[in-house]
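# Remarks on the overall topology
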Amino acid sequence: MKRLLSLLLVPLLFAAAACSGSSESGGDSDEQVTLTYAVWDQAQAAAMKQIIQEFHTQHPNIDVQIQVTPWESYWTKLQTSVTAGSGPDVFWMTMVYAQYYAIGGGIAPLDDQVKKSKLDTSVYVPAVTKAYTVDGKLYGIPKDVNGFGLCYNKKLFDAAGVKHPDASWKWTDVIAAAQKLTNQKKGVYGFVAPEADELSWYLTVPQVGGQVISPDGKSSGYDQEATIQGIQFWTDMITKYHVSPTLQQTTDTDPLAMLTSGKVAMRYCGSWEPEEIAAVPYGKANIGIAPLPAGPTGKRDYYSNGLANSISAKTKHPEQAWQFLQFLGSERAAEIQAKTGTVIPAYQGHADAYAKAMPEFDLQVFVDHLKYAQPFPASTDTSVWRDEVTKQFAEAWTGKTPAGDVSRRVAETMNSALSKEKK
C-alpha cells in the first residue's frame, strides 16, 4: 500500500448514486452482461485475470473487464466516475476510505446479499471484516491483509561484518547496525527513513503505546508523548544519526529502489513488496527479510491495512456484481492470490501458500507478524487530515522543526478536521 495522495473529497457526493443504484433490479441472472472491475496494482493483474477467467467459466453469462489504474490516480478517477454514475461495478476498497464511501453512498451495503446467499464471513480475518463494517453494515468482502518486516541487504551486512537481523532486534539494534553500515563516501546508508506513514511511524507508534487516532475516531493521538517517541525514531535516523538519505533524496528516488540497488542496507517493507524486489536481479540475490524490530520494551504492535472488494451503489447489474464479489471472496480466489506471493489473503488458512510462493525470501516473517496487527487509523474523511499530516511532518524530516513540536501542531489540525466530520 503506497502513501495515499491528496484527494479533494466532498462528503456525501455519492448520495444520488446510492439512491439510483439501490433501485436497479439487475435483470434476470441469465442476462448476458459485462461488469467492470477496477484495481490499482499491475503486479496483481495476472492473478486477478485468472480469477476472472475461472469465474467466467462458471458464469458464462457474465463477462468481466479489468481496469488497472495506477495508484497515483486511482482514487481521483474512482471518485469522479462514481459520482457521475459511470464508475466500475466492482472495485478495490481500502480501510482508509471505507467509511467515506459507505457513509457517502458510493458503495452498496452487502448484508442482505450475505444473508440470502448464506456467505460465511467468519472465514475472513476478523480485523479486516470489522474495518469494512460501518454503522453495523458490511460494505466490502475482505481481500487481503498486510504484514511487515525488516528488509536488509545481506551483501552489505556481510561486507561490514554486521550480524544479520533476527527476532531479538529492537530499535537500538537497528540504530547500531545502521551506524556501522553507513558509508557516505560510497553513497551507502545503513537505513532509509521515508516520510511515509504506513511504512514508517505507523509501524513504531503502536510499539510504544502511542496512537494516531482514538479508538472512537473522535480525537488525534499525535499530541501524546508516546506517539512522538514513535515518530522521532524515524527523524533521528536523518537528523541525529545521519544514517538515512534525506527527505529530498527519498522524494527523488523510491526508497525501495534504493534498497534493491544497494544504496541502503535496511528498509521496513510490506508483504506486498517481495515480488517487486525479486524483479530486480540484485534485489533477488541480496535482499533478506527479518522480523519487524520491537519497540524499546519489546512490544511489536503495528497498524495494518487490508483491502476489500466492494460494489458500486450505482451498478446497473447488482445481482451479477454480487455473484462476482462472492467468487472474489471465495477460497479458490484466495488460493490463486496466495500462490503468486503478492498478497496475504484475508481468507484464513491460505497464509502458508503465500509464505511458500517465493522460496528465495522468508515470507513467513510477514505471516508470523500478523498477530500483532492493529486497526489502520481511519475516520470518515481520513484523507483530509492524513494528507495534512504528511505535509506538516516534512518540517521534522528536514530537521527544520523538532518532531514533538510538529506532532503537537498536527494534533490540533487533525482534531479540527475530526470535529467537522459527519459521523
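This text goes with the structure placed above it.
An account of the accompanying structure is given in this report. (Residues numbered from 1 in each chain as written. Predicted model: local features only at pLDDT ≥ 70, side-chain atom pairs only at ≥ 80, totals over all residues. Heavy atoms only, no water.)

## Structural notes on the pattern of salt bridges
Tallied over the entire structure, the rule returns 11 salt bridges. Among the salt bridges present, the one from arginine 332 reaches glutamate 54, with a minimum N-O distance of 2.7 Å. With arginine 332 in helix H15 (residues 331-340) and glutamate 54 in helix H2 (residues 45-58), the pair connects residues that are 278 residues apart, well separated along the chain. Among the ionic pairs, arginine 386 bridges to aspartate 197, the shortest N-O distance being 2.7 Å. Separated by 189 residues along the polypeptide, arginine 386 in helix H18 (residues 382-397) and aspartate 197 in the loop between helix H8 (171-181) and helix H9 (225-239) bring together distant segments of the chain. (Salt bridge = Lys/Arg side-chain N within 4 Å of Asp/Glu carboxyl O. Helix = DSSP H or I, 4+ residues; strand = E, 2+ residues; numbered from the N terminus.)

## Details of the sheet that holds strand E8 (residues 148-153)
One open sheet holds the 3 strands; their spatial order is E9-E8-E10, and the pairing between them is antiparallel. Where the open sheet ends on each side, the last strands, each with one partner, are strand E9 (266-270) and strand E10 (287-291). Across the sheet, the mean angle separating the axes of adjacent strands is 35° when strand polarity is ignored. In this sheet, E9 lies alongside E8 in antiparallel orientation, the contact comprising 5 bridges. By the bridge assignment for E9, tyrosine 152 is matched with methionine 266. (Pairing = 2+ DSSP bridges. Axes fitted to C-alpha atoms, helices over the stretch in contact; angles between N-to-C directions.)

## Brief notes about the environment of alanine 196
Position of alanine 196 relative to the elements: it lies in the loop between H8 and H9. Between the C-alpha atoms of alanine 196 and glutamine 184, which are 12 residues apart in sequence, the distance is 23 Å.

## Some details on the nonpolar core
With 131 residues, the main nonpolar core has Tyr37, Phe191, Trp201, Tyr222, Met266 and Phe393 as its most contacted residues. Not counting residues up to four positions away in its chain, the partners in contact with phenylalanine 393 are Glu195, Trp201, Tyr222, Ile231, Ala403, Val406, Ser407 and Val410. (Core = buried A, V, L, I, M, F, W, Y, C linked by side-chain atoms within 4.5 Å. Buried < 20%, exposed > 50% of the residue type's maximum accessible area, 1.4 Å probe, protein only. Contact = heavy atoms within 4.5 Å.)

## So, the packing of H8 against H9
It is the contact of H8 with H9, at a shortest axis distance of 11 Å, that shows an interaxial angle of 5°. Of the possible angle classes, the one that applies to H8 and H9 is roughly parallel. Residues Trp171, Val174 and Ile175 of H8 form the contact with H9, whose participating residues are Gln229, Gly230, Phe233 and Met237. (Parallel < 35°, antiparallel > 145°, perpendicular 65-115°, else oblique.)

## Concerning the environment of glutamate 31
Within the element layout of this structure, glutamate 31 appears in the loop between helix H1 (15-22) and strand E1 (33-39). Classification of glutamate 31 by relative accessible area gives partly exposed; the value is 33%. Each C-alpha atom, one on glutamate 31 and one on asparagine 61, is 6.4 Å from the other, the two residues being 30 residues apart in sequence.

## Details of the state of the cysteines
As enumerated under the stated definition, the model contains 1 disulfide in all. In this model, cysteine 151 is linked to cysteine 269 through a disulfide, with the two sulfur atoms separated by 1.9 Å. Disulfide cysteine 151-cysteine 269: the torsion about the S-S bond is 75°, which places it as right-handed. Separated by 118 residues along the polypeptide, cysteine 151 in strand E8 and cysteine 269 in strand E9 bring together distant segments of the chain. Assessed through its relative accessible area of 0%, cysteine 151 is described here as buried. With relative accessibility at 1%, the residue cysteine 269 sits in the buried group. (Disulfide = S-S within 2.5 Å.)

## Focus: the environment of alanine 278
Within the secondary structure layout, alanine 278 lies in helix H12 (residues 274-278). Sequence separation between alanine 278 and methionine 358 is 80 residues, and the spatial gap between their C-alpha atoms is 8.8 Å. What alanine 278 contacts, discounting residues up to four positions off in sequence, is Lys284, Met358, Glu360 and Phe361.

## Comments concerning the sheet that holds E1
Two pairing modes exist for strands in a sheet, parallel and antiparallel, and in both the strands are linked by backbone hydrogen bonds. On the basis of which strands lie adjacent, the open sheet formed by 5 strands has the order E2-E1-E3-E12-E6 and mixed pairing. Of all strands in the sheet, those bounded by a partner on one side alone are strand E2 (62-68) and strand E6 (141-142). Contacting E1, E2 and strand E3 (90-94), H2 crosses the sheet at an angle of about 170° to E2.

## Looking at the packing of aromatic side chains
Under the definition given, this model contains 31 aromatic pairs. When the ring of tryptophan 71 is compared with that of tryptophan 75, the centres are 6.2 Å apart and the planes differ by 85°; the resulting orientation is edge-to-face. Of the two residues, tryptophan 71 and tryptophan 75 are both situated in helix H3 (residues 71-84); the distance of 4 residues between them amounts to about one turn of the helix. Residue tryptophan 75 is classed as buried on the basis of its relative accessible area, which comes to 3%. Seen from their ring centres, tryptophan 75 and tyrosine 101 are 6.1 Å apart, and the 55° between their planes marks the pair as tilted. Of the two residues, tryptophan 75 sits in helix H3 while tyrosine 101 sits in helix H4 (residues 95-104), which places them 26 residues apart along the sequence. Here a set of aromatic residues connected by ring pairs shows up, and it is made of Trp40, Trp71, Tyr74, Trp75, Trp92, Tyr97, Tyr100 and Tyr101. (Phe/Tyr/Trp six-rings, centres within 6.5 Å; stacked < 30°, edge-to-face > 60°.)

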